[in-house]
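A look at the structure
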Amino acid sequence: MLFSAATVVHKWGDILAMTSQLSKSTSLPSLYKIGIDKPKANARTTTLAFKVPGNLKSQMDLKVLPAPTEHSRYLASLMKTGGWRTFYREEGDDVPTKEEDIVPKNMRHPRLSPAWLKHEKQVLRWYGFFQETVTESAMENSRYRHVYIMYFLEDGTVGINEPKVENSGMPQGNFLKRQKVQKANGTYLGPDDIHIGSEVTICGHTFHICGCDRFTRWFFAENGVTLEEDEEIPIDTWQTNYRIQKARDRGGLPVTKGVMDDKAVMRALGGIPPVEKKFAQFLLNDRKVLRFKGYWDDHTPYGTRFYFVLHYYLADNTVEINEAHCRNSGRAGWPIFMKRGPLHKSNFVNGIPAMLSAEAPRYLPEDLKVGDSINVWGRKVVLYDCDDFTRKFYLDYLGVDQFDGRIDVSEKPVTHLKLTPPPHNGIGKAEDSLLNCTMIQPKPPKIDLERMLVYGGDALRFECKMINGEPEDELRRLVIAFYPADGEMAAFEVPIRNSGHMGGRFSEKRLLKNPDTGKYFTLSDLFVGQVITIAAQPLQIVRADERCLQFLEARPKEFPYADPVVCSKRLVPLAEHPEMQDADGLSPDRLKEIAFEAGISMVDHEIITLLRSCGIPAESESDQPKVIGPKVLECAGVLQPADS
């Protein structure tokens, strides 16, 4: 196709126009335009530029901003003073503070403790038995197998164990693993299904309950159930024969008189002469030994006192003396001082060989008395004590009480300077660190189980505020939790919006020392109005929760400031005051003021106790609760009740 020159020129004009329009487009900055130039990366108007020489407007932001308002000018003026965030608070809706806003969700304790927490490690144990048939035995046809049934309160499981008996002929031990037991009606076995004297069927075996332990009785008594008395556990034929056989093996059954007579007749028929005196003494007194304790003072140079144990054998009237060394005495390990043999009252050597001479008399049992001395090869040994068998022997045969002559040979105790333990370095607990100083292999400190079972799960909370004088700490609020189960304390800071302080744990749970007394904090140190120091910060207790107040009021002897009678008796000097006679009552602040004027210093907790027992609530939110003066005097015993 042929085009004219005018047509070609017109077409190229259209192409150039399109090219000029594409070069101004910024919607697709990554595409190249038709031609050789790249598109511009950004077509926005620059509002911030660097200083350019010769251009006075180059270092100024040319973007026009709205004019500042009066409210913004007021906020900017507040920044001149320190702590302006604390003083300034925007007006908003007054929403009442709830417990959920103060106590974090992970710190709330359930009102009703779950079973796994309340009854942890608590086990009810019953003793019982079941009868089992024995088929292949000529001695018995049945046997009573004794078991003890354990009911775990934390999860309702049951375990049965059978004590192992030696040579019983049957496997014993774990009879039923810990599990939930289902009854015939489909429900699970519970504590109310087991009673003393009743029968319980578990896994096809019928158990007769005979008794229970002390904790089980206490548990049912606390719940208002009185258990029956323990029954006697029956003993079958096998157990009776087993006990007789064990007693016979130990030699506990004496030989009968008929057996002894038969032995004497048989010896006479056989022509055996009567037993000689020494042999008879051996048979009667074999393994009967008199045991004395004595000492010998060695007066030679570098001598010392030696302690001995003297054994007198009644079977043959021989004596054995052993040394009683103490630990680390430095002496030889063998204790024999005189080997077993006759002990003569005097010893001598015949100067003429082969010449016969009479032996010196031997020591006999009547010659040995506690408190006297004996001659042991030229050494004076003093007897100062004996054992119980020796005392009984002398009382039965000689009528002498050997304990009357006992001598106290205890040495004066050596006084050692006791080193004080080093101060706690703050790592771990002080009790654990102290055990590292007292023993090589430290053991964990003992836990008061009774206190833990009684007060386990209780946490008494007090709200307090900082009074260190710093303006930024005036609005800080903390909650002190005291755990009566172990006496530990913890402090948590209540999060407050825009306070500049992070809420949460202020002091971890541990035993805290009172800097004023140097001892650990107790519950008697915490009451409303008290100022305590934790982490070097003075905290004033301003109130306590309802559970804490009830806990303190239930123990008036331990906490007198929670006893309304004691608090009322302190106000007896104000009985004639006209405001105390007013039946409409008076405010707590006024009561504290007139008590201070009379020289009576009352803490805030005592005022709270009087309000709870002798007060009336406020009629409106703007009013204050009042303390009824006549009720206070009636509680103190000054006035008689109006009904009488």
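Under an unreviewed UniProt entry, the protein chain has the name DM10 domain-containing protein and belongs to Durusdinium trenchii.

The next point concerns the confidence of the model for the protein chain. Confidence in the prediction for the protein chain averages 82 pLDDT; 86% of positions are at 70 or higher. Throughout residues 1-12 the model reports pLDDT below 50, and contacts reaching past four residues in sequence, or to other chains, amount to 1 contact. Scored below 50 in pLDDT, residues 15-36 makes 12 contacts in the model with residues more than four places away or belonging to other chains.

For the rest of this paragraph, the subject is the environment of S113. Residue position: S113 is located in the loop between α4 (99-102) and α5 (115-118). For the pair S113 and G457, spaced 344 residues apart in sequence, the C-alpha separation works out to 7.9 Å.

Another aspect to go through is a nonpolar patch on the surface. A contiguous nonpolar patch, built from V255, V259 and M260 and spanning about 260 Å² of accessible area, is present on the exposed surface. Topologically, V259 is positioned in helix α8 (residues 257-269).

Within a sheet, each strand pairs with its neighbour through backbone hydrogen bonds, oriented either parallel or antiparallel. Strand order in the open sheet made by the 6 strands is β10-β9-β8-β7-β12-β11, with antiparallel pairing throughout. Two strands lie at the open edges of the sheet, namely β10 (336-341) and β11 (373-376), each paired on one side alone. Averaged over neighbouring strand pairs, the angle between their axes works out to 30° when direction is ignored. In terms of strand pairing, strand β8 (residues 305-313) meets strand β9 (residues 318-323) through 6 bridges, oriented antiparallel. Among the inter-strand pairings, F308 is bridged to a residue of β9, identified as E323. Contacts from helix α10 (residues 388-397) reach β7 (289-297) and β12 (379-386) within the one sheet, and its direction differs from that of β7 by about 110°.

Definitions and limits used
- Here the residue numbering is sequential within each chain, running from 1 through the sequence in written order.
- Confidence filtering applies because this is a predicted model: local features only for residues at pLDDT of at least 70, side-chain atom pairs given and counted only at 80 or more, and all residues used for totals across whole chains, interfaces and linings.
- Side-chain metrics in this entry use all non-hydrogen atoms of the structure; hydrogen atoms and water are not considered.
- A residue's pLDDT is simply how confident the predictor is in it, with values from 0 to 100.
- Residue contacts are defined here by distance: any two heavy atoms, one from each residue, within 4.5 Å place the two residues in contact.
- Secondary structure follows DSSP: runs of H or I at least 4 residues long count as helices, runs of E at least 2 residues long count as strands, and numbering of each begins at the N terminus.
- The patches reported here contain residues having more than 30% relative accessible area and no salt bridge. Joining distances are 9 Å for like charges and 5 Å for nonpolar side chains (Val, Leu, Ile, Met, Phe, Trp, Tyr).
- Reported accessibility uses the Shrake-Rupley method at a 1.4 Å probe radius. Residues are deemed covered only where the shown protein chains occlude them.
- Salt bridge, as used here: a side-chain nitrogen of Lys or Arg that lies within 4 Å of a carboxyl oxygen of Asp or Glu.
- Strands qualify as paired when DSSP identifies two bridges or more between them.
- Axes, fitted as lines to C-alpha atoms, cover a helix only where it is in contact. Angles between the N-to-C directions of the axes lie from 0 to 180 degrees.

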